[in-house]
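# Residue-level structure breakdown
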Amino acid sequence: MKISQKTMELVEKEQKCIGCNACMKGCPMLDEFCNSPKELLKQLKEAKTFDYKLPYSCMLCGYCTKVCPEGVDLKGLFLELRRDAVDQTGGKLPKDLNTSKVDMHQRLSFSKWFSTDVENIQSEWVFFPGCALMAYSPKVVENTYAYLRKKIEGIGIYNKCCGKPTRFLGKEKQFNEYFSKLEKEFEDKGVKKVVTACQNCFMTLSQNSSIVEAISLWEVLATVGIPKEKEGIGEKLGYDVTLHDPCPTRDVTVIQDSVRKIISELGIDVREMKFNRGRTLCCGSGAMVGVTQSHIADKHTKRRAKEADTEYIITYCQECVESMRRGGKKSFHLLDILFNDDFDNMKQENNSTLNKWVNRYRGKYIGKKVK
C-alpha cells in the first residue's frame, strides 16, 4: 500500500535510527520484516509503500521508544500506517487480517444489548470497569463497585467500551464517533471523575477526554484502603507469585506504586520480572495482533510467560491474565483476590467468546443491583 504524505513525514523523521537494535530485544515482530529498524525505515523511505501486514503486526506497546537512545517512535509510525491502510481500503481491510471480528466487537460493545448509560450516580464520580473485566466476571465487577460505593458516596457505574480497539485498528473517524458518545454521557450526567479498572480505558480517557479526569482504580484502592478482611490474606496462598505490569500504563508510576502497595497489604510476597514497570513487555494482546497476526502474538505471549520463574502470575489487566494462561502459566487478576467470592476454587480457564458476551449482558444490571 502507498504511504501517505503525512506518514512519509514520520518516516523521514525517524531516519534518526542508529541501528543499535535495542528495541528488537523486546519486540517479537520486527525480525519478521527486517534485520534492524534502520534498514526497515530506509526501505519505507525509498519505496514509499508498505506491506499492510507490517503495522498490523505491531502491538503498539511503545517499548521500542522506551529503550531507544534516539527516541524513535515506531508505535506512532505504525499507527499512522494503519490509518493509511484504512484510508486506502475505505475501512474494508484485507480479509486475512480478520479485523471484521474487531468491528463486530465494537458494534456490540456500544449496542443497547451489552452497554448502559451512566447509572446509579449521585455525585461527580463514576466507575468504568471496561469490557474485558465485565466479560470475565460481572460478579467481581459488582463486588468491586459495591465496595467503591462504601468509600465514594454516590459513585455511579458506566458499562460501555472506551473504543480503543477501533482507534488502534486505525479507524480514527469511527473512534471519534464512538468516543463522542462517552463524552456526551459524561456531560449530560455531570461526570467529572472516572475510576477505571482497565489500563487501556485509563489511557484512552486520559488522552482523549476534555471533560473528565481518569483515575485508576488502583490509585483509589491504595488511598481508601483494601477491605479489612483481606489484609494479609495473601500469606495463605501457598505458592510463589510473579507480578506482570501491563504495558499501556508502563509510564504511569502512580499506578505501579499503588498496585504494589495493595499487594503488600494483601500480604503477597511477589517476585518482579526482569522487564517490569517502565520497561515492561506486552503480554501479546496489544493492538489486536492476536487477531491480525496471531502467530506473532502467540510467540510473544509464550516468551513473556516464560520470563516468570513461578507457576503463578498476578497482574491487574484481564487481557494479560488470559494471555499468561495461553502462555502456559496459571494467573489471576488482582481483583480476584480482593473481590472474587470463590477465589480459592477459581478455575484456570479462559471464558469462551459466548460466555464473555453472556457475562457482559448480565453486567448491564449491576447498577440496579448495587445500592
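Let me begin by describing the structure that accompanies this report. Computed from a prediction, not measured in an experiment: that's the story for all the values here.

You will see that Leu60, though not glycine, has its phi angle at about 50°, which is positive. Judged by relative accessible area, which is 4%, Leu60 ranks as buried. Unusually for a residue other than glycine, Asn98 sits at a positive phi of about 60°. Along the polypeptide, Asn98 turns up in the loop between helix H4 (74-89) and helix H5 (100-109). The exposure class assigned to Asn98 is partly exposed, which follows from its relative accessible area of 29%.

Turning next to the sheet that holds strand E5 (residues 241-244). Pairing in this open sheet of 4 strands is parallel, and the strands run E6-E5-E7-E8 from one edge to the other. Strands with a single pairing partner mark the edges of an open sheet, and in this sheet they are strand E6 (270-272) and strand E8 (330-333). Here the strands of the sheet are splayed against their neighbours by 35° on average, with no regard to which way each runs. With 4 bridges joining them, strand E7 (residues 312-315) and E8 adopt parallel strand pairing. Opposite Thr315, over in E8, you have His333 as the bridge partner.

Moving on to the pattern of salt bridges. A complete count under the given rule lists 29 salt bridges for this structure. The partner of Lys16 in a salt bridge is Glu14, with the nearest N and O atoms 3.9 Å apart. A salt bridge links Lys302 to Asp298; the nearest nitrogen and oxygen atoms lie 3.2 Å apart. With a gap of 4 residues between them, Lys302 and Asp298 both fall in helix H14 (residues 294-306), about one helical turn apart. By relative accessible area, which is 39% here, Lys302 ends up partly exposed. Note on Asp298: relative accessible area 35%, which makes it partly exposed. Shared partners join several salt bridges into a network, and the residues in it are Lys6, Glu80, Arg83, Arg167 and Glu172.

Let us look at the environment of Asp269. The topology assignment puts Asp269 in the loop between helix H12 (253-266) and E6. The exposure class assigned to Asp269 is exposed, which follows from its relative accessible area of 66%.

It is worth spelling out H12 at this point. Helix length check: H12 (14 residues) gives 20 Å between terminal C-alpha atoms against 20 Å at 1.5 Å per residue, within 8%. Taken together, the buried residues of H12 touch helix H10 (199-208), strand E4 (213-216), helix H11 (217-224), E5, E6 and helix H16 (334-339). Following H12 by one or two positions, Gly267 adopts a phi angle in the positive range, close to 85°.

It is worth spelling out the packing of helix H7 (residues 138-151) against H11 at this point. Two elements in contact, H7 and H11, have axes separated by 12 Å at closest approach and are oriented at 50°. For the element pair H7 / H11, the angle class is oblique. Once H7 is placed against H11, the crossing between them reads as left-handed. In this structure, H7 uses Thr144, Tyr147, Leu148 and Lys151 to contact H11, whose residues at the interface are Leu217, Val220, Leu221 and Val224. Residues of the contact of H7 with H11, tallied by class, amount to 6 nonpolar, 1 polar and 1 charged.

If you walk across this open sheet you meet the 4 strands as E2-E1-E3-E4, and the pairing is parallel. Every other strand in the sheet has two partners, leaving strand E2 (156-157) and E4 as the edge strands with one partner each. Inspection of the sheet shows strand E1 (residues 125-128) paired to strand E3 (residues 193-196) by 4 bridges, in the parallel sense. Residue pairing in the sheet places Val126 in a bridge with Val194 of E3.

Moving on to the packing of aromatic side chains. Counted according to the given criterion, the structure contains 13 aromatic pairs. The interplanar angle of 75° and the centroid separation of 5.9 Å between the aromatic rings of Tyr361 and Tyr365 together place this pair among those described as edge-to-face. Owing to a relative accessible area of 35%, Tyr361 belongs among the partly exposed residues under this scheme. Overall, Tyr365 belongs to the partly exposed group, its relative accessible area being 35%. An aromatic cluster of three or more residues is present, and its members are Tyr239, Tyr312, Phe332 and Phe343. The ring centre of Phe175 lies 5.9 Å from the NZ or CZ of Arg167, which sits over that ring.

Scoring rules and cut-offs
Residues numbered from 1 in each chain as written. Predicted model: local features only at pLDDT ≥ 70, side-chain atom pairs only at ≥ 80, totals over all residues. Heavy atoms only, no water. Buried < 20%, exposed > 50% of the residue type's maximum accessible area, 1.4 Å probe, protein only. Helix = DSSP H or I, 4+ residues; strand = E, 2+ residues; numbered from the N terminus. Pairing = 2+ DSSP bridges. Axes fitted to C-alpha atoms, helices over the stretch in contact; angles between N-to-C directions. Salt bridge = Lys/Arg side-chain N within 4 Å of Asp/Glu carboxyl O. Expected span 1.5 Å × (residues − 1). Contact = heavy atoms within 4.5 Å. Parallel < 35°, antiparallel > 145°, perpendicular 65-115°, else oblique. Left-handed = near helix turned anticlockwise from the far one by under 90°. Nonpolar A, V, L, I, M, F, W, Y, C, P; charged D, E, K, R; others polar. Phe/Tyr/Trp six-rings, centres within 6.5 Å; stacked < 30°, edge-to-face > 60°. Lys NZ or Arg CZ within 6 Å of the ring centre and 35° of its normal.

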